[in-house]
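The lines below spell out each chain.
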Amino acid sequence: MDTTQLLKGVLDAAVLAVVAEHDGYGYDVLRRLRGAGLHDVGDASVYGTLRRLYAAGALTSYVVPSEEGPHRKYYGLNAQGHALLREQRVAWRSFTQTLDDLLEPRASATMEVVQ
Amino acid sequence: MTAHVMRADVEDFVAAVRGELQDLSADELEELIGGLGADLSDLAAESEEPLARRLGDPVAYAAELREAAGLPRRPHRGRTPLGRTVREGLRADQAALQARLDRAPWWPAVSEFLLVLRPAWWVLRAYVAVQLLGLVLGSHPRGILPNVLGHLSGALLLVVATVVSVELGRGRWRSPRRDEALAGGNAVAVLGLVLVLVTSPSAATDDVVYAEAGYPQGLAVDGQVPLNIFPYDAQGRPLTDVQLFDEGGRPLDISPEARDRWQEDGTATVQVPAVVAGSDQWNVYPLRERRTTDPYAEPGPGDLPSSPELPLVAVPPVVAAPTPAPSGSPTAAPTADPASPSGTTAPTPSGAPLQAPPSPDAPSPAAPSPDAPSAPPPAP
């Protein structure tokens, strides 16, 4: 199954979940997503998603100045973002449940031949 | 924004992405790529792999960024649907090729090697571009330095072109449209390189008009062009108005290069053809000549041609070879037909009736008698 297509649908939820753990800047969020096992996620997609969620009002952002390194723009979850994340969790559970049931091998002659 | 300087390749990439997002407002742009430089620097520091390969095409990157950010796609200003399809097709091909290469085990090593050679390519394409310009303007390539209406201008152009090419390679003046133009220019440079390599061996030979023609036109002896022919008869006396033909009946015309010649004193020597059957013939020797200051002007009443000086006053007589039996051998005296192909060694000077222009220092050979000997011009 092409995971990139699957990811597109759930990247919002994944990003929200990561940022909910603790605030992060673009590259940081990307690294955490990849570390969690989403190796195929494109960095442009992550940065764009962060911006979209911010524009939609689910994230706050603030710049952390730094002496030796570049200034970083951090994102964090606000109340609306937390609410959105809860919705996404529920939706996801429901969806995976439905799909699990659908994909479960049925006990019928034709299905055995296919397998 | 950032306190420290980013790596050049990161900067280039960000600039290219920014180029693709020109249509966005300043705020949106800043939102989207404000932190991009820093993030990409981190990404780059992750591994040794060159950044350009990891991130791919900045145009595609920008498009992905847009899409994920929920922003509308970039409006194609004034580009035709056909152009768009072609462009997208090319990008797809490029992406497919990239994917194939990435799967090859030897690709990482080769691509590293090629990346190191990139600056050399920048210099080479500048050289090729200047050479092409020279060829287009009609300057023949001569030697290593490019010739564009002169070697000095060629060298100056080469310096300018090299600087421009290197700066383009380093990512200056970047924009998506220019990137496409640059890709096209690179393709032209590759083709031009082939062209230049093909033409350069011939450039080594010197471009004397002589060599370019391959062989001189008209009569030539060992590559040299005789300026006139002086026939002598069997007794060694000089002949005039001798018509010469080859075995195919083609007139042995004097070379065009001999017909008008400039002398050192600024005058020109113009040869005057004889008139045979109403038309000028250049195969009647020795050709008469006249000196003039303006070879292109019509000859005036005083501009009479004269017979040229004989190179040899007299030559030894020919010892007649035993003539073969008369059966079938064409030893008949030459007829009055100027087109007769048979050359003979008839003892009598040939003299088909000619309308040779009168020469001031010799009696006019207007006598139609075929046996009348022509008076020899005064000896020098």
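Our structure is the block above this text.
First things first, this report covers the structure right here in the doc. (Residues numbered from 1 in each chain as written. Chains lettered and ligands numbered in written order. Predicted model: local features only at pLDDT ≥ 70, side-chain atom pairs only at ≥ 80, totals over all residues. Heavy atoms only, no water.)

So, the overall build of chain A
Cut-off, in case you're wondering: The helix and strand labels rest on DSSP assignments: H or I over at least four residues marks a helix, E over at least two residues marks a strand, and numbering proceeds from the N terminus. Any two residues whose heavy atoms approach within 4.5 Å at even a single point are treated as in contact. Methods summary: accessible areas were calculated by the Shrake-Rupley approach with a probe of 1.4 Å, and residue burial reflects only the protein chains presented.
Secondary structure summary: chain A contains 5 helices and 3 strands in total. Listing every helix and strand of chain A by position from the N terminus yields α-β-α-α-β-β-α-α. Sequence-distant contacts in chain A: of pairs separated by 6 or more residues, those separated by 24 or more amount to 46%. A total of about 7,100 Å² of accessible surface is found on chain A, and carbon and sulfur atoms cover 57% of it.

Points about the interface of chain A and chain B
Let me state the cut-off plainly: Summed over both partners, buried area is the accessible surface (1.4 Å probe) that two parts give up on being assembled. Here a salt bridge means any side-chain nitrogen of Lys or Arg lying within 4 Å of a carboxyl oxygen belonging to Asp or Glu. Amino acids outside the nonpolar list (Ala, Val, Leu, Ile, Met, Phe, Trp, Tyr, Cys, Pro) and the charged list (Asp, Glu, Lys, Arg) are all regarded as polar, and Gly is one of them.
In this assembly, 25 residues from chain A lie in contact with 24 residues from chain B. For the pair chain A and chain B, the two sides together bury roughly 1,900 Å², of which 52% comes from carbon and sulfur. Taken together, chain A and chain B are joined by 3 salt bridges. A salt bridge links Arg72(A) to Asp42(B); the nearest nitrogen and oxygen atoms lie 2.3 Å apart. Every element with two or more residues in the side of chain A that touches chain B is listed here: helix 2 (26–35), helix 3 (43–56) and strand 3 (72–77) of chain A. Per-element accounting of the side of chain A that touches chain B gives the leading share, 9 residues, to helix 3 of chain A. Residue composition of the side of chain A that touches chain B, by class: 8 nonpolar, 7 polar and 10 charged.

Points about the nonpolar core
Spelled out, the test is: Here, the term nonpolar core denotes a set of buried Ala, Val, Leu, Ile, Met, Phe, Trp, Tyr and Cys residues that are joined through side-chain atoms within 4.5 Å. The classification of residues rests on relative accessible area computed with a 1.4 Å probe and restricted to protein chains. Under 20% of the type maximum is buried, over 50% is exposed, and intermediate values are partly exposed.
In this structure, Leu33(A), Val17(B), Leu21(B), Leu40(B), Tyr61(B) and Leu65(B) are the most contacted members of the largest nonpolar core, which totals 43 residues. The greatest single-element share of this core, amounting to 7 residues, is contributed by helix 1 (residues 3–21) of chain A. Ignoring any residue separated from it by four or fewer positions in sequence, one finds Leu40(B) in contact with Asp43(A), Val10(B), Phe13(B), Val14(B), Leu51(B), Leu55(B) and Tyr61(B). Ranked by size, the runner-up nonpolar core spans 7 residues in total, among them Val225(B), Ala258(B), Trp282(B) and Tyr285(B).

Let's talk about empty space enclosed by the protein
Selection criterion: A cavity, in this analysis, means grid points on a 1 Å lattice covering only the protein atoms where a 1.4 Å probe fits yet has no way out; a pocket is instead an open set bounded by protein on both sides within 12 Å along at least five of seven lines, and a residue lines either one if it has an atom within 4 Å of a point. Grid points are joined across faces, edges and corners, and a volume is the space filled by probe spheres set on the points.
Going through the model one piece at a time under the given rule, you end up with 4 cavities of 30 Å³ or more. Here the largest cavity is characterised by a volume of approximately 160 Å³. Gly26(A), Tyr75(A), Gly35(B), Leu36(B) and Asp39(B) are the residues nearest the centre of the largest cavity, which is lined by 16 residues in total. For the lining of the largest cavity, the secondary structure elements donating two or more residues are helix 3 and strand 3 of chain A together with helix 2 (26–33) and helix 3 (36–46) of chain B. Residues of the lining of the largest cavity, tallied by class, amount to 7 nonpolar, 4 polar and 5 charged.

A short note on the sheet that holds strand 1 (residues 24–25) of chain A
Residue and element names in this part refer to chain A. The condition that has to hold: Here the rule is simple: two strands pair whenever DSSP picks up at least two bridges between them.
One open sheet holds the 3 strands; their spatial order is 1-3-2, and the pairing between them is antiparallel. Every interior strand has two partners, whereas the edge strands, strand 1 and strand 2 (59–64), have only one. Direction of pairing for strand 2 relative to strand 3: antiparallel, over a ladder of 6 bridges. From the neighbouring strand, Ser61 faces strand 3, where its bridge partner is Tyr75.

Observations regarding the packing of aromatic side chains
The following threshold applies: A pair of Phe, Tyr and Trp rings is counted when the ring centres sit within 6.5 Å of each other, with Trp represented by its six-membered ring. The angle between the planes then sorts it: under 30 degrees is stacked, over 60 is edge-to-face, the rest tilted. Over a ring means this: the NZ of a Lys or the CZ of an Arg is within 6 Å of the ring centre and within 35 degrees of the ring normal.
Taken as a whole, this structure holds 6 aromatic pairs over all chains when the rule is applied. For the pair Trp106(B) and Trp107(B), a centre-to-centre distance of 6.3 Å together with 80° between the ring planes defines the contact as edge-to-face. On the basis of relative accessibility, which here comes to 49%, the residue Trp106(B) falls in the partly exposed class. One aromatic cluster is present, built from ring pairs that chain together Tyr25(A), Tyr62(A) and Tyr74(A). In this arrangement the basic side chain of Arg259(B) is found over the ring face of Trp282(B), its NZ or CZ atom lying 4.1 Å from the centre.

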